[in-house]
Amino acid sequence: MEKHSRNFIKLCVLGGLISMTMGQQSFQDATANRTDGLKRYLNLGLINSQPIVLPDGSSFNFKYVMNAQVATEVMNSSGFALHSGPILFQAGDGSPTLGLSSKDTSLHSKISEAGSSIFQASTDNICMLNSSWAKLSGNVYGFELTSSIDAHIGFGKAGPINSGIGIDAKFDSAQLDLDMRLDRMLNANSSVPLAAVPVTSTQTKTSLGLSLPLGAIFGGLDVYFSTPVSQVTRKGLALGLAGLTTAMDANSGVSQWGEWFTRVMDYNNEVITIYAGSTANVKAGDLYDVYPEKCLWSGTPCASELQGCVTGATPVGTIKIDFLGEEIASGAYTGPKPDFTNIGWKVKKHIEVAPAKTPAPATAADNQTVVAQ
């Protein structure tokens, strides 16, 4: 109890510190963040599944095929994207060394040549660059192949399904039941649930277009991906991702957990680089706001358990994107000059706020009394 009280007091203090650093500009409340077609970067967890037990007693690793397909479906989705890998930092000058594509590495090098980068690995928020918006996971509850003669094979919640067929049995339709979920990872051991969506057999039931013998479908992992059955699993994943996108877009204006954000990756000669690019639908000319953030750790920052973060309610400055990479983008920064402590701060889509309208002065006509005739 005493430990929780100390942490609460620390978070209150952090909130006070951030409130003192906020700019004085008039901005709309941060919870009104919009996605505007931007994709949220996420980490891949596991899609869990039972194996398919075949008539000869062997099994087919259905969990493997689901997880092998999910990355492609994420990148093809309208709402999510993946980073190539974690950003690693070089001891000494703190420059990023791994985790960027060759195109992005080249872009960052060109930006760095324009001035002296202040990228520092010592800031408390540096490791937040590798803290994705959310973690994707799921469970397959059922998969079933059926034929016109009512033969079945697959599995359900109760276990394997096999209607007494042989390895030469042929099937002409398939269906899948699964759920997919997103969790905001606070640390390695705790998370906040964001959304979960079911995908039912009614949604995924698909005619294969021809009767396929069981051996041709499950003759090997590579064979599976060349069959029409693989389209059923892709369809299930795509439906799940679409459902999660809809759920999170609906929450983007009412909850901090639904908002789109990325982070400041570098500051160089009045140019800020953010850790989001074309794969997230960032575009040249876009405006993004930088929000101050202070994180609380149980011990050494970035080397201990994250207790929580406090984000300022108003931004301190704005970035206009001029240089666009695949997973990074850079642009001129307008606002108080940042320093290395800004690395890892939150970046959100800029929201224009219309100035308050001044009432027009009253005229003589406005003061006349209208008499009904």
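Quantities reported herein were computed from a predicted structural model and do not represent experimental measurements.

Draft legend 1. Layout of the pattern of salt bridges. This model, assessed by the stated rule, comprises 6 salt bridges. For Arg181, the salt bridge identified is with Asp183, shortest N-O distance 2.7 Å. Judged by relative accessible area, which is 9%, Asp183 ranks as buried. Of the charged contacts, one joins Glu293 and Arg263 as a salt bridge, the two residues approaching to 2.6 Å between their closest N and O atoms. Here the residue Glu293 occupies a position in strand β16 (residues 293-297), and Arg263 occupies one in strand β13 (residues 262-268), the gap between them amounting to 30 residues. Across the pair, exposure class does not vary: Glu293 and Arg263 are buried alike.

Draft legend 2. Summary view of the pairing of strand β18 (residues 317-324). Both strand β15 (residues 287-291) and β18 contribute to a ladder of 4 bridges, which runs antiparallel. Each bridged residue has a counterpart across the sheet, and for Asp289 the counterpart in β18 is Thr318. Judged from the 6 bridges that link them, β18 and strand β19 (residues 329-334) form a sheet pairing that is antiparallel. Within β19, the residue paired with Ile319 across the bridge is Tyr333. Between β18 and β19, which pair antiparallel and follow one another directly, the connecting turn spans 4 residues.

Draft legend 3. Layout of the state of the cysteines. The full count for this structure, using the stated rule, is 1 disulfide. Paired through a disulfide, Cys295 and Cys309 show a sulfur-sulfur distance of 2.2 Å. Between Cys295 and Cys309 the sulfur-sulfur dihedral comes to about 100°; the bridge is accordingly right-handed. Of this pair, Cys295 sits in strand β16 while Cys309 sits in strand β17 (residues 306-311), and the two are 14 residues apart along the sequence.

Definitions and limits used
Residues numbered from 1 in each chain as written. Predicted model: local features only at pLDDT ≥ 70, side-chain atom pairs only at ≥ 80, totals over all residues. Heavy atoms only, no water. Salt bridge = Lys/Arg side-chain N within 4 Å of Asp/Glu carboxyl O. Buried < 20%, exposed > 50% of the residue type's maximum accessible area, 1.4 Å probe, protein only. Helix = DSSP H or I, 4+ residues; strand = E, 2+ residues; numbered from the N terminus. Pairing = 2+ DSSP bridges. Disulfide = S-S within 2.5 Å.

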